[in-house]
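Commentary on secondary and tertiary structure
So the chains spell out like this:
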Amino acid sequence: MRILDRYIFAEYIRTFVLALAFFITLVVVVRLLDKDIKRFDEDVPYTTAIQIVLFQAPRRIMEVVPLASFLATFFVLGRMARNNELTAMKMATISVYRIIAPILASTLLICILFSLFYDQVAAPAYHRANQLKKKIPLRRSRNVVFKGQHNRLFYIQNLDLQQQNINKMTIYEFDSIGNLEQEIFAHSVTWSPTQWHLVDGFIRRIEKDVEISFEPFDTKQINRSENPERFAGNDKDIRAMTFAELQEQVRYKRRAGQTIRREQVKIQHKLAYPFAAFVVVLIGAPISIRFGKAGFFAGLVIAFFLSFLYWGVSFATLEGLGENGKLSPIVACWGANAIYAIIGAVLIWKTPK
């Protein structure tokens, strides 16, 4: 059986690599170079546009891994059916489960590798593409309202990250039930790693909506928990965050009392989506055994159809409901995998042994 396992494994991996290369070429040439590059402004240098396309490519690669996995399965099992190899294996009392086991094991390994690729390569590359698109990162903001930690609400009139200076900042501090306890105002603010440095301002303390003290100051230092980069809206796009960065974002927003649904959904998405290839192959294996003789283009059509359904169920429906709070993040992101896995298991069970 080891010889048979090695044979099926080698055929599947070789075909998967070829199918992945085909889809990557298709995506880069058609979607990125033709479609995305047209969105750039005229003043964007062509070399920069090409860099953006290449940095976006890793994230696009993740979209075609399920397609490549299904097509490789369809082609390998279909060719074995056309050459009567499947018939010979069945006559040798080798079950369908045993035949597709090397393919499922290979796909599971591919999913694990691509989950690391998705997190450690695709996400940082997508962030770099966003930076190049913006040309000059956003360094200034006006009239910023930001909900911080420790029941603090910040209002900033002018923020300059490059000069590390704030012009007119007010910090409103509330108690646990939302009553205003203190107002801190400064005409000029700078910061160090752990403190705000306030210049020319005042501290007004309030109790039961009545001012009980007013303390002007020339300079004052208070503890800083917030990163000024967050104020400017210069944080990474959530799609460009790694798993660790998303977890840190969730911890920060939870302490600050901010909504964390999108981050929680994206964390589960990063865990669930790389395994889309595995559940697609679960469906693809029995389909390939039944209809693999139809040829390459039939497999291509079926692969696009199954992937389209997966993306429609997962991204357009379930994850949208998760971000709206209608479903838990786990159900929203793993739901499509569960549905496909159940359908695939039933199809495998129904496949003639």
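Here the structure is shown first, and the text comes after it.
Just so it is clear, the model here is predicted, and its values are computed rather than measured. (Residues numbered from 1 in each chain as written. Predicted model: local features only at pLDDT ≥ 70, side-chain atom pairs only at ≥ 80, totals over all residues. Heavy atoms only, no water.)

So, the pattern of salt bridges
Under the defined criterion, the tally for this structure stands at ten salt bridges. With a shortest N-O distance of 3.5 Å, R79 and E85 are connected by a salt bridge. Accessibility assignment for this pair places R79 and E85 in one class, buried. K270 is the partner of D119 in a salt bridge, and the nearest nitrogen-oxygen pair spans 3.8 Å. (Salt bridge = Lys/Arg side-chain N within 4 Å of Asp/Glu carboxyl O. Buried < 20%, exposed > 50% of the residue type's maximum accessible area, 1.4 Å probe, protein only.)

Points about the environment of I302
Position of I302 among the secondary structure elements: in helix α9 (residues 296-323). For I302, a relative accessible area of 23% translates into the label partly exposed. Note: C-alpha distance between I302 and L67 (235 residues apart in sequence) is 9.4 Å. If we skip the residues at most four places from it in the chain, I302 touches F70, F74 and I287. (Helix = DSSP H or I, 4+ residues; strand = E, 2+ residues; numbered from the N terminus. Contact = heavy atoms within 4.5 Å.)

Some remarks on the packing of aromatic side chains
Under the definition given, this model contains twelve aromatic pairs. Relative to W196, the ring of W191 has its centre 6.0 Å away and its plane inclined at 75°; by these criteria the two rings are edge-to-face. The pair formed by W191 and W196 is uniform in burial state, with each residue classed as buried. Their ring planes at 50° and their centres at 6.4 Å tell us that Y273 and Y310 sit as a pair that is tilted. Here Y310 lies in helix α9 and Y273 lies in the loop between α7 (261-272) and α8 (276-291), a separation of 37 residues in the sequence. There is no split in this pair, since Y273 and Y310 are both buried. (Phe/Tyr/Trp six-rings, centres within 6.5 Å; stacked < 30°, edge-to-face > 60°.)

Examining the packing of α8 against helix α10 (residues 329-350)
Interaxial distance between α8 and α10 falls to 8 Å at its minimum, and their mutual angle equals 25°. It follows from the interaxial angle that α8 and α10 lie roughly parallel. Crossing hand, α8 versus α10: left-handed. Contact residues: α8 offers A276, V279, V280, L282, I283, P286 and R290, while α10 offers N337, Y340, A341, I343, G344, L347, I348 and K350. Split by residue class, the contact of α8 with α10 holds eleven nonpolar, two polar and two charged. (Axes fitted to C-alpha atoms, helices over the stretch in contact; angles between N-to-C directions. Parallel < 35°, antiparallel > 145°, perpendicular 65-115°, else oblique. Left-handed = near helix turned anticlockwise from the far one by under 90°. Nonpolar A, V, L, I, M, F, W, Y, C, P; charged D, E, K, R; others polar.)

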